[in-house]
Amino acid sequence: MSFDRSIKIAPSILSADFANFGQEIRAIEAEGADWVHVDVMDGHFVPNLTFGPAAVKAFRPHVKTVMDVHLMIAPVDPYIDAYADAGADVLTAHVEAGPHIHRTLQAIRGAGMKAGVALNPGTPAEAVAHLLDLTDLICVMTVNPGFGGQKFIDMTAKIRSLREMIGDRPVHIEIDGGVDPSTAPLVAEAGADVLVAGSAVFRGGSVDAPQVYGENIRKIREAASTA
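Conventions and cut-offs
- Residues numbered from 1 in each chain as written.
- Predicted model: local features only at pLDDT ≥ 70, side-chain atom pairs only at ≥ 80, totals over all residues.
- Heavy atoms only, no water.
- Helix = DSSP H or I, 4+ residues; strand = E, 2+ residues; numbered from the N terminus.
- Rg over C-alpha atoms; globule rule 2.2 N^0.38 Å.
- Buried < 20%, exposed > 50% of the residue type's maximum accessible area, 1.4 Å probe, protein only.
- Contact = heavy atoms within 4.5 Å.
- Areas by Shrake-Rupley, 256 points an atom, 1.4 Å probe, with all protein chains shown as cover.
- Lys, Arg positive; Asp, Glu negative; His and termini not counted.
- Charge placed at Lys NZ, Arg CZ, Asp CG, Glu CD.
- 1 Å grid on protein atoms, 1.4 Å probe; cavity = no way out; pocket = protein on both sides within 12 Å on 5 of 7 lines; lining within 4 Å.
- Points joined across faces, edges and corners; volume = space filled by probe spheres on them.
- Nonpolar A, V, L, I, M, F, W, Y, C, P; charged D, E, K, R; others polar.
- Arc of directions from axis to C-beta.
- Phe/Tyr/Trp six-rings, centres within 6.5 Å; stacked < 30°, edge-to-face > 60°.
- Pairing = 2+ DSSP bridges.
- Axes fitted to C-alpha atoms, helices over the stretch in contact; angles between N-to-C directions.
- Core = buried A, V, L, I, M, F, W, Y, C linked by side-chain atoms within 4.5 Å.
- Polar contact = N/O pair within 3.5 Å; in protein donor to acceptor, adjacent residues only side chain to side chain.
- Salt bridge = Lys/Arg side-chain N within 4 Å of Asp/Glu carboxyl O.

A. Layout of the overall build of the protein chain. Counting its regular elements, the protein chain contains eight helices and eight strands. Relative to its length of 227 residues, the protein chain is compact, with a C-alpha radius of gyration of 16 Å against a globular reference of 17 Å. When the backbone C-alpha atoms are referred to their principal axes, the protein chain occupies close to 45 × 40 × 35 Å. Counting only residues that meet the buried cut, the protein chain has 54% of its 227 residues in that class. Counting only contacts in the protein chain whose residues sit at least 6 apart along the sequence, the fraction spanning at least 24 positions is 67%. By element, 52% of the accessible surface of the protein chain is carried by carbon and sulfur atoms, the whole surface being about 9,300 Å². Counting 18 positive and 28 negative side-chain charges, the protein chain places the centres of these two groups 2 Å from one another.

Take a look at the structure:
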């Protein structure tokens, strides 16, 4: 997984057809997805329940790009090895999910994955100031985590602070929540390079009409590229 700051679109399969994950993943990649974003929720840290390690392992053979696994769970540390075994390329933990995020990031890298750290809307950029050399990705939540299809919360000031803080380190800034062609330029201009989009990619399409996914991905990418 080489590093660059070009815009990457990471469709969230939380918005895919749950009965057809393999086909859905292959369809979005064929239509231009750069990464595949997998939202893991535990019904405890966030009010929803989604994919365990066994499901993520089942997705892995279908993902030819980057499998970007976002843990919205607490605690994180007992599950790191299981998600490594499942084939995650990037594993992201929330700074709010436990008292020892520094150790969590060390453990993620130690298990052979890229380490991400996520910030809820109410958490300031400064929360990751002392983690930047242990981090490969910072995920800025632009909704409160737990559900797809929520309204975008403007976090551009936080994104700018992070971009300045990161400097020339090879750290991605990912945006998760309410990304569509109207919000993509705002976050890209502020310094984000990985855009997670769920309903904005999958809306109107299906495995039988995957060209709609491609059109949706292109619209988001083109909008972000005008920033």
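B. A look at the layout of surface pockets. Of the pockets and cavities examined, the largest pocket occupies roughly 420 Å³. What lines the largest pocket is a set of 30 residues, among which G149, G177, G178, G198 and S199 lie closest to the centre. Sorting the residues of the lining of the largest pocket by element identifies β2 (35-41), β3 (66-72), β8 (194-197), α7 (199-202) and α8 (211-225) as the ones contributing at least two each. Top contributing element to the lining of the largest pocket by residue count: α8, with three residues. Here the residues of the lining of the largest pocket sort into 13 nonpolar, twelve polar and five charged.

C. Seen up close, helix α5 (residues 156-166). Every buried residue of α5 is accounted for by T156, K158, I159, L162 and I166. Take α5 and look down its axis: the buried residues cluster within an arc of 155°, on one side only. Away from its buried face, by an angle of more than 90 degrees, α5 presents the exposed residues A157 and E164. For α5, the elements touching its buried residues are β5 (114-119), β6 (137-141), β7 (172-176) and α6 (184-190).

D. Broad picture of the packing of aromatic side chains. Counting across every chain of the model gives six aromatic pairs. Taken together, a centroid distance of 4.9 Å and an interplanar angle of 40° make the contact between F18 and F21 tilted. We classify F18 as partly exposed; its relative accessible area is 47%. Each member of the aromatic cluster is reached from another via a ring pair, and the members are F18, F21, F51 and F59.

E. Spatial organisation of the sheet that holds β3. Pairing is parallel in the open sheet, where eight strands are placed in the order β1-β8-β7-β6-β5-β4-β3-β2. Since the sheet does not close on itself, it has two edges, and those belong to β1 (8-11) and β2, each with one partner. Strand-to-strand twist across the sheet, computed as the mean angle between neighbouring axes with direction ignored, equals 25°. Two strands pair when backbone bridges link them, and β1 and β8 are joined in this way by four bridges, in the parallel orientation. Each residue of the ladder has a partner; that of I9, found in β8, is L195.

F. Fine view of the nonpolar core. Counting residues in each nonpolar core, the largest one holds 72 residues, and the members touching the most others are V38, V69, I138 and L195. Per-element accounting of this core gives the leading share, five residues, to α8. Look past the residues within four positions of V69 in its chain and what remains in contact with it is V38, V40, V56, Y83, A88, V90, L91 and T92. Grouped together as the second largest cluster of nonpolar side chains are eleven residues, A118, L137, V194 and V196 included.

G. Spotlight on unusual backbone geometry. Here the residue pair A74 and P75 is connected by a cis peptide bond, since its omega of 0° sits within 30 degrees of zero. Its location among the elements puts P75 in the loop between β3 and α3 (80-86).

H. Spatial organisation of the side chain of D193. Considering the arrangement of structural elements, one finds D193 in the loop between α6 and β8. On the basis of relative accessible area, D193 is assigned to the buried category, the value being 2%. Polar side-chain contacts of D193 include one of 2.6 Å to the side chain of H172. Discounting residues that sit within four places of it in the chain, D193 has contacts with D4, R5, S6, I7, K8, H172 and I173.

I. Structural detail: the pattern of salt bridges. Inspection of the entire model under this criterion finds eight salt bridges. Notably, a salt bridge pairs D193 with K8, separated by 3.3 Å at the nearest N-O pair. Within this pair, whereas D193 is found in the loop between α6 and β8, its partner K8 is found in strand β1, the two being separated by 185 residues in sequence. Exposure remark for K8: the relative accessible area of 7% places this residue in the buried category. A salt bridge links K57 to D85; the shortest N-O distance between them is 2.9 Å. Placement of K57 in helix α2 (residues 53-59) and of D85 in helix α3 is noted, with a sequence separation of 28 residues between them. One salt-bridge network, held together by shared partners, links D4, K8 and D193.

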